[in-house]
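# Structural overview
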Amino acid sequence: MDDLVGTSPAMQQLFKDLGRVAASHATVLIQGESGTGKELIARVIHSYSSASRPFIAINCSAIVDTLLESELFGHEKGSFTGAVATKVGKFELADDGSLFLDEIGELSQNLQAKLLRVLQEREFERVGGVKRIPVRARILAATNRDLASEVSAGRFREDLYQRLKVVTLSLPPLRERRDDIPLLVEHLLVKINQRLHKNLRRVPRETLEKLMAREWPGNVRELENLLTRAAVLSQGDLLLEEHLVQNGEPAKAKAAAAPVVSDRVPTLDELEKAHIERVFTMTKGHKGRACQILGISRPTLERKLRKYRLAPAGED
Ligand SMILES: Nc1ncnc2c1ncn2[C@@H]1O[C@H](COP(=O)(O)OP(=O)(O)OP(=O)(O)O)[C@@H](O)[C@H]1O
Ligand SMILES: [Mg+2]
């Protein structure tokens, strides 16, 4: 657990829960806002329970349904056009290790039904195959949605939710555990120093206090990004406040403003373009999350990006 820091009561409780679930083989559902450390927790659980076995991660929101199905379960040669060779899916690759289903809240109804069956029967077939293959992997799932309300809204199957939430770990947002920030800064700086071959050691007290006062919508990931950027800019071993001023703050205000198209009424296209830009600012260029907020599919988003010649920078 060296990689995981936090002294706040919420994190201490989480560490206790982690200790208890790690040794078991129970399915774990990890919930928390973006950047709160869900994947890190999944890896910690894995390293406690089956460190020498495979850890296989798959992002359920990153690819289209049909591809995702064959990524998960594999396919037999010739089972569909383009299936030129037999493919082993993630369930098989995970073997007796851990399978991490990231962004599980994005799973389509179709795949929710298929996954449910697999979890119930602990067996599956490759796409186009007949052989029953046993599931031996431990299932870890994560989402930044509130799955209970997704269930109420009819977007997520209740029965699948029940299967997944055998154990639920909830990661609190960073703004609800600001006391963790000094320790996180220290921890992240060590990591960043190694990565960038820097030697940053100190953050002035007042700077730290300002960091603690921020809202951190992107949570620990946002803090890490900010420190990385500052580390690149700074010389010597002191992280100065000027390096930590994020262009994000003023940019956010600008992007949030309604599109001003002189005093004529904007067209629908203009509004749509401005709205997509605004959402991208909110998600820091994260396409999966932008799709969620906009309520559109990934291909639709891609099409609109091309249409409006928008090329968001940032992670995917
Ligand atoms: N408690 C923590 N201690 C140390 N590092 C942390 C902690 N929480 C998160 N991090 C670091 O913050 C970064 C983001 O964490 P991670 O990728 O696990 O978040 P996530 O919840 O999966 O985010 P997303 O929803 O964006 O996928 C990682 O580099 C991770 O190592
Ligand atoms: Mg993640």
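Residues numbered from 1 in each chain as written. Chains lettered and ligands numbered in written order. Predicted model: local features only at pLDDT ≥ 70, side-chain atom pairs only at ≥ 80, totals over all residues. Heavy atoms only, no water.

## Comments concerning the environment of glutamine 13
Tracing the backbone shows glutamine 13 in helix α1 (residues 9–22). On the basis of relative accessibility, which here comes to 39%, the residue glutamine 13 falls in the partly exposed class. Taking the C-alpha atoms as reference, glutamine 13 lies 21 Å from leucine 147; in sequence the two are 134 residues apart. (Helix = DSSP H or I, 4+ residues; strand = E, 2+ residues; numbered from the N terminus. Buried < 20%, exposed > 50% of the residue type's maximum accessible area, 1.4 Å probe, protein only.)

## A short note on the nonpolar core
Counting residues in each nonpolar core, the largest one holds 30 residues, and the members touching the most others are Phe91, Leu99, Leu101, Ile104, Leu115 and Phe156. Broken down by element, this core gets its largest block of residues, five residues, from helix α5 (residues 109–121). Residue contacts for phenylalanine 156: discarding those within four places in its chain leaves Ile104, Gly105, Gln109, Gln112, Leu147, Glu150, Val151, Tyr161 and Leu164. If you look at the next biggest cluster of nonpolar residues, it comprises 21 residues, including Leu174, Leu184, Leu200 and Ala231. (Core = buried A, V, L, I, M, F, W, Y, C linked by side-chain atoms within 4.5 Å. Contact = heavy atoms within 4.5 Å.)

## Description of the environment of histidine 25
Here histidine 25 shows up in the loop between α1 and β1 (28–32). Each C-alpha atom of the pair histidine 25 and glutamate 92 lies 17 Å from the other, and the pair is 67 residues apart in sequence. Once residues within four sequence positions are removed from consideration, histidine 25 is found in contact with Arg122, Arg136, Ala137 and Arg138.

## Some words on the pattern of salt bridges
Following the criterion strictly, the structure yields 30 salt bridges and no others. Taking the shortest distance from any N to any O, the salt bridge between lysine 191 and glutamate 224 comes out at 3.3 Å. With a gap of 33 residues between them, lysine 191 in helix α8 (residues 181–196) and glutamate 224 in helix α10 (residues 219–233) connect regions that are remote in the sequence. Here lysine 191 falls in the partly exposed class, since its relative accessible area comes to 36%. You can call glutamate 224 buried: its relative accessible area is 16%. Note that lysine 287 and glutamate 302 form a salt bridge whose closest N and O atoms lie 3.6 Å from each other. Here lysine 287, found in helix α14 (residues 287–294), pairs with glutamate 302, found in helix α15 (residues 298–307); they are 15 residues apart in sequence, far enough to count as distant. If you follow the salt bridges from partner to partner, you end up with Arg117, Glu121, Glu123, Glu125 and Arg132 in one network. (Salt bridge = Lys/Arg side-chain N within 4 Å of Asp/Glu carboxyl O.)

## Some thoughts on the site of ligand 1
The environment of ligand 1 is made up of 19 residues, and the closest members are Val5, Gly35, Lys38, Leu40 and Glu224. One nitrogen or oxygen atom from the main chain of leucine 40 is found 3.0 Å from an oxygen atom belonging to ligand 1. Contact between ligand 1 and arginine 221: an oxygen atom at 3.0 Å from a side-chain N or O atom of the residue. When isolated, ligand 1 has an accessible area of 630 Å², and the protein chains bury 90% of it. Among the elements of the structure, α2 (38–50), α8 and α10 are those that each provide at least two residues to the shell around ligand 1. (Near = heavy atom within 4 Å. Polar contact = N/O pair within 3.5 Å; in protein donor to acceptor, adjacent residues only side chain to side chain. Areas by Shrake-Rupley, 256 points an atom, 1.4 Å probe, with all protein chains shown as cover.)

## Let's talk about the packing of α1 against α2
At a minimum axis distance of 9 Å, the contact between α1 and α2 shows a crossing angle of 40°. The orientation of α1 with respect to α2, classified from their angle, is oblique. Note that α1 runs across α2; the crossing there is right-handed. For the pair α1 and α2, contact is made by Leu14, Leu18, Val21 and Ala22 and by Ile41, Val44, Ile45, Tyr48 and Ser49, respectively. Here the contact of α1 with α2 is built from residues that sort into eight nonpolar, one polar and no charged. (Axes fitted to C-alpha atoms, helices over the stretch in contact; angles between N-to-C directions. Parallel < 35°, antiparallel > 145°, perpendicular 65-115°, else oblique. Left-handed = near helix turned anticlockwise from the far one by under 90°. Nonpolar A, V, L, I, M, F, W, Y, C, P; charged D, E, K, R; others polar.)

## Regarding the state of the cysteines
Applying the stated criterion across every chain yields a total of zero disulfides. No disulfide involves cysteine 291; its sulfur sits 14 Å from that of cysteine 60, the nearest cysteine. (Disulfide = S-S within 2.5 Å.)

## Topic: the domain arrangement of the protein
As far as domains go, the protein holds domain 1 (9–172), domain 2 (175–246) and domain 3 (257–307). On a C-alpha basis, the centres of domain 2 and domain 3 stand 31 Å from each other. (Domains from an automatic or database assignment.)

## Some points on the sheet that holds strand β6 (residues 138–143)
The strand order across the open sheet formed by five strands is β2-β3-β6-β1-β7, and the pairing between neighbours is parallel. Looking at strand neighbours, the two that pair on one side only are β2 (55–59) and β7 (167–171), the edges of this open sheet. Across the sheet, the axes of successive neighbouring strands diverge by a mean angle of 20°, strand direction being ignored. As defined by bridge partners, β1 adjoins β7 across five bridges and the pair is classed as parallel. Along β7, the bridge assignment pairs isoleucine 30 with leucine 169. The strands that α1 touches are β1, β6 and β7; relative to β7, the one it contacts most, it runs at about 155°. Packing against the sheet, α2 makes contact with β1, β2, β3 (98–102), β6 and β7, and its axis sits at approximately 155° to β1. (Pairing = 2+ DSSP bridges.)

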